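Listed below, chain by chain, are the residues.
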Protein chains: 2
Amino acid sequence: MANFQDIAKQFTEFYYNQFDQDRKQLGPLYRDNSMLTFESDSVAGGANIVSKLSGLPFEKVKHAVSTLDAQPSGENGGILILVTGALLVDEEQRPMNYSQTFQLLPDGSGSYFIFNDIFKLVFG
Amino acid sequence: MANFQDIAKQFTEFYYNQFDQDRKQLGPLYRDNSMLTFESDSVAGGANIVSKLSGLPFEKVKHAVSTLDAQPSGENGGILILVTGALLVDEEQRPMNYSQTFQLLPDGSGSYFIFNDIFKLVFG
């Protein structure tokens, strides 16, 4: 069985690949009780989250992960992840730094979904 | 009763004030099952965490929080927090950016302890 570090890494790679290819397809990674805080906006539920992400004002996007750290988040088998990285959008040449934290929870069928998702750009 | 946003804000203020004044006194905020990832080091348990933090190679330190976001982390009453901020150590004039995520859990007596703590400096 994969450990939490491996799961965190695999999940994050899959998430950013999917986000960068077609973020409208991220729905299966969220559930009705999932939460997203994106900059200063908070939305709940998979459909609202995908709608929020799909409506972001850029077309092309590329995430580059700099660091990824994970810890078990509780006795329920959850995994807490902190990612720091850089984001390149559209024709912008200068990447923006971001930090993002996820809590993954087991979905009961051997996989995981995103329960918590907080994304912040980092300036300075 | 305070909501999770207020608790997150109060807890984080208390934590950084205590850290900056005397980080050897942070013990009561952790428990035996708490985890800390500080840069690339992982330690578990309150005593080891305080030992790790106390041994960091600086004396004076000042945290300045730029952003703080929180979400409920599950049905157990936990709170997930993502902080981005800047850190000034000793006589260094230039602050370092950092991101830190906490999961707080209720301690059963009306307060909270830190179950998860991941701290990363952000370069770039």
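Residues numbered from 1 in each chain as written. Chains lettered and ligands numbered in written order. Predicted model: local features only at pLDDT ≥ 70, side-chain atom pairs only at ≥ 80, totals over all residues. Heavy atoms only, no water.

A. Representation of helix α2 (residues 46-54) of chain A within the structure. Residue and element names in this part refer to chain A. Residues of α2 that are buried: Gly-46, Ile-49, Val-50 and Leu-53. Buried residues in α2, looked at end-on, bunch into an arc of 95 degrees, giving them a common side. Elements in contact with the buried residues of α2: α1 (4-22), β1 (30-38) and β2 (41-44). (Buried < 20%, exposed > 50% of the residue type's maximum accessible area, 1.4 Å probe, protein only. Helix = DSSP H or I, 4+ residues; strand = E, 2+ residues; numbered from the N terminus. Arc of directions from axis to C-beta. Contact = heavy atoms within 4.5 Å.)

B. Fine view of the packing of aromatic side chains. Using the criterion set out here, one finds 14 aromatic pairs over all chains in the structure. Ring geometry for Phe-38 of chain B against Phe-119 of chain B: centres 4.6 Å apart, planes inclined by 5 degrees, an arrangement best described as stacked. One end of the pair, Phe-38 of chain B, is in strand β1 (residues 30-38); the other, Phe-119 of chain B, is in strand β6 (residues 112-122), and 81 residues separate them in sequence. Take Phe-38 of chain B: its relative accessible area is 13%, and that puts it in the buried class. Put simply, the rings of Tyr-15, Tyr-16, Phe-19, Phe-38, Tyr-98, Phe-102 and Phe-119 of chain A pair up and form one aromatic cluster. (Phe/Tyr/Trp six-rings, centres within 6.5 Å; stacked < 30°, edge-to-face > 60°.)

C. Structural view of the interface of chain B and chain A. Contacts between the two partners involve 27 residues from chain B and, on the opposite side, 27 residues from chain A. Summing both partners gives a buried area of about 2200 Å² for chain B against chain A, and 61% of it is carried by carbon and sulfur. The interface formed by chain B and chain A contains two salt bridges. Between Lys-120 of chain A and Asp-69 of chain B there is a salt bridge; the shortest N-O distance is 2.9 Å. (Buried area = accessible area lost by both parts, 1.4 Å probe. Salt bridge = Lys/Arg side-chain N within 4 Å of Asp/Glu carboxyl O.)

D. View of the sheet that holds β1 of chain B. Residue and element names in this part refer to chain B. A sheet is described by the order of its strands in space; here six strands give the open sequence β2-β1-β6-β5-β4-β3, paired in mixed fashion. Each end of this open sheet is capped by a strand with a single partner; those strands are β2 (41-44) and β3 (61-72). Strand after strand, the sheet turns through a mean of 15 degrees between neighbouring axes, direction not considered. Bridge count for β1 against β2 is four bridges, and the pairing is antiparallel. Looking at β2, one finds that Met-35 is bridged to Ala-44. Sitting on the sheet, helix α1 (residues 4-22) touches β1, β3, β4 (79-89), β5 (96-106) and β6, and the angle it makes with β3 is about 160 degrees. (Pairing = 2+ DSSP bridges. Axes fitted to C-alpha atoms, helices over the stretch in contact; angles between N-to-C directions.)

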